[in-house]
Structures are given as C-alpha cells and as structure tokens.
Amino acid sequence: MKKLFHTLAIMVLGLVVQNPAKAEAITITDIAGRDVTVNVPIRRAVLGEGRQLYIIAALDRENPTARIVGWRKDLIEADPATYQAYLAKFPAFGDIPVFEGLEQSLIDIETTIAQKPDIVFLNLETKRAVEEAAYIEKLGALDIPVVYVDFRNSPEINTEPSIRLFGKLFGREERAEEFVAFRAAEIAKVTDRLADAKPERPKVFIDRAGGFYEDCCHSFGNSNFGAMVELAGGANIAKDFIPGTFGQINAEQVIVSNPAHVIVTSAMWDVYVPGGNWVPVGPGADPKQVIEKLKFYPTRPAYLGIQAQKTKAFQAVWHQFYNSPYQFVAIQQMAKWFHPDLFADLDPDETFKQLHDRFLPIDYQPGYFGTLSN
C-alpha cells in the first residue's frame, strides 16, 4: 500500500511539473497611473531598457535570462562590464534579440511582436513618444500589455513602486519586499545620522554624464542624482536653475555658486565616445586609470577658481546609479565625501558587496567610485 501511494505521489508531482499552474489575470497600476491587466506570473518579457536587468536579476537570481525574450541594447553598450559578467555566467544572454536606441527612444515594435511577449516594460520617459506612435493600441490589439516603470526620471519616488511592480508580475513579491527593505535600511544609515547631527551642507555640482557630453554644464535638478546629493547631506546648486530632472546651466553660474564638491557621473563609454573624457568607473575599473581620467575635470573653465578646485574635491561616480535600484550605494559614498568624520564607519563598497551576495547572481567587483582628494 505504501509503495502504491508513493508511486501515485510521484505521478501527481510529475503532472504538476509538466503542467504548471494556469496564469492568473490581475490588474495592476503602473508608474504612469494606468490600470493594466496582465497574466501572472509573466513568462515572456520584452525590456524597453536593458538595464532593467538590474532588478530582474535580483528577483530571478537563479536564471535571470529565463523570462527575457527581447531587450534594448543599452546595457550591452553603456555598461559592458556588467553585461560581460552576466554573459559569462549565463551564456543565454547572448541569444536574446536586441534593438537599438537610447532611453527616450521607441522600442522596435516588429522585434517586440516577433517575440510574442506577454508583457512589455517601458521607461516612463518614453510615454509621450509611445502615445504618439500609438504603440499601446497596436500591442493591445495583439493582447500584449505595456507597463511603465521608472528608475530614472524620479527614482527617489518611483524606485520602490517599480521594484514592487516587477515583484508582483514575476511572482516574486516576497523577494521584492526583501530588496526594498534592504535598500531603505541602507539609506536610513545616512539620513537618520544626518537628521541627528544636522551638519552644514556643502555646495555640490553634479557634472552629469561627464565625457558623454563634451560641452558644459549638464546636471540634475531636484530629482535623480540631484535628490541623492540632498539625501547624502549636500546642497545641489543646480536645483534652483533646472526645473526638471535633467538640464544644463552655464559655466558662469557654476563659478558664481562656488561648489565645494564636483561630482562627475561617468562610465566606460568607449562605444559612444571613443577616446572621450569619460571616467571609466564601474565594475572592475582600474583605480589608477579612473584617477588619471578624472584629472581632466578641474581644468574645465567652469571650475577655475572654485572651492572644489582648490581642495581637489572632484569625485567620480558610476553613472548607471542614475538608472538602477542601487542608488543607495551612491548616497552612502557621497555622504562619506561630504561628511567624512560623521560617516567614517560607513563602507559603501561593503554595502554593494552585501547586495551582490544577498540578491545578485554575479560576484561584486569594486571600481564604482574615484576621488582626487585624499
């Protein structure tokens, strides 16, 4: 009798494995405030931004390629070291169909439809272009839902809701909540201490995408890296001159504002600007090369005579923090630069390593920061 029950149990288990539970239709509200009906858990996703892998890998750690059937080429081109680390561990990444374009670009709708996805994730900033091209209607006619997420336009507001959206749609809600809690606790290590100590805030200018743009002075307003500076205990000088997330101010305004720190957001951009003045911060970066490339920035006319130039307070930060759920690591590092005594015990590299060890399938490689000052 026991043998019979054992045999039946194996047969039932086999049926369950061979016939996974039928997808359930749920209605979610995306970051654009749209109600969207999706069959969950999703099994075939097209990513309008390849760097959405940063959160997907944390949710599908065992095999992050399993549900990606198409993606934009930005991760491959803008963050080649991370892509190569994932490709080495999961060769199937090399077989995923890709399409061209930057953040605001439309997806390749033909490539998308050909993959027969059951969801398309788009960045919030593409919304206007998508509406003008009627992509929602075209994909909807084929029962392909579109969901907007945002790690770039207003990440200080939309990162946690976006993580939770991915968690719900991937059937990994508990995992998503673990990530959200880890992120919040690491930010609190900075904000709680600042709230108690109330130190004077140094003036900071963010040189956005240094080396990608050769002209000056691209920066951030009151969102994204601008908000990160404020959370880290700095005063972002561009917030009064740039009304949105991204913008540009003139060199004379930077000189008049006299920032105590200049933070250059940059990355390995050889694909985009061969031989440019970008600083190659990122996973596995050579510290000596980072410093050598960073030495160009104090020579820019916008920084001549400012306080940061006198003290060599020029710092480089991995640009991709602006478009990922890992912003809290940058917040910790900036807090150490702005208030070294207050945050002497904080170790952003260790924080990022813990994130990799707990959530990601690839090993941590340092190299995300550099500074000219000691």
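Every value quoted in this text rests on a predicted model; they were computed, and no experiment measured them. (Residues numbered from 1 in each chain as written. Predicted model: local features only at pLDDT ≥ 70, side-chain atom pairs only at ≥ 80, totals over all residues. Heavy atoms only, no water.)

Brief notes about the sheet that holds strand E12 (residues 261–266)
In space, the five strands of this open sheet follow the order E10-E8-E12-E13-E14, with mixed pairing throughout. Across the chains shown, the open sheet's two edge strands, defined by having one partner strand only, are strand E10 (235–236) and strand E14 (369–371). In this structure, strand E8 (residues 203–207) lies alongside E10, joined through two bridges in parallel fashion. Bridge pairing links Lys 203 to Ala 235 in E10. The sheet strands contacting helix H12 (residues 287–294) are E12, strand E13 (314–318) and E14, and the helix crosses E14 at an angle near 55 degrees. (Pairing = 2+ DSSP bridges. Helix = DSSP H or I, 4+ residues; strand = E, 2+ residues; numbered from the N terminus. Contact = heavy atoms within 4.5 Å. Axes fitted to C-alpha atoms, helices over the stretch in contact; angles between N-to-C directions.)

A few points about the environment of Ile 144
Looking at the secondary structure, you find Ile 144 in the loop between helix H7 (135–140) and strand E7 (146–149). Accessibility expressed as a relative area gives 5% for Ile 144, which makes it buried. Sequence separation between Ile 144 and Pro 287 is 143 residues; the distance between their C-alpha atoms is 45 Å. When residues no more than four places from it in sequence are discounted, the contact partners of Ile 144 are Pro 117, Val 120 and Leu 139. (Buried < 20%, exposed > 50% of the residue type's maximum accessible area, 1.4 Å probe, protein only.)

Notes on the packing of aromatic side chains
Summed over all chains, the structure comprises 32 aromatic pairs. Over the ring of Phe 220 we find Arg 208, and its NZ or CZ is 5.7 Å from the ring centre. (Phe/Tyr/Trp six-rings, centres within 6.5 Å; stacked < 30°, edge-to-face > 60°. Lys NZ or Arg CZ within 6 Å of the ring centre and 35° of its normal.)

Some remarks on the environment of Val 290
Within the element layout of this structure, Val 290 appears in helix H12. Residue Val 290 is classed as buried on the basis of its relative accessible area, which comes to 2%. Each C-alpha atom of the pair Val 290 and Leu 304 lies 21 Å from the other, and the pair is 14 residues apart in sequence.

With respect to the side chain of Asp 150
For Asp 150, the location among the structural elements is in the loop between E7 and helix H8 (155–169). One buried charge, Asp 150, has no salt-bridge partner; the nearest side chain with opposite charge is Arg 152, at 7.1 Å. Of the polar contacts made by the side chain of Asp 150, one reaches the backbone nitrogen of Ser 154; its length is 2.9 Å. Sequence-distant contacts of Asp 150, defined by excluding residues within four places in its chain, comprise Ile 31, Leu 124, Glu 125, Pro 155, Asn 158, Thr 159 and Ser 162. (Lys, Arg positive; Asp, Glu negative; His and termini not counted. Salt bridge = Lys/Arg side-chain N within 4 Å of Asp/Glu carboxyl O. Polar contact = N/O pair within 3.5 Å; in protein donor to acceptor, adjacent residues only side chain to side chain.)

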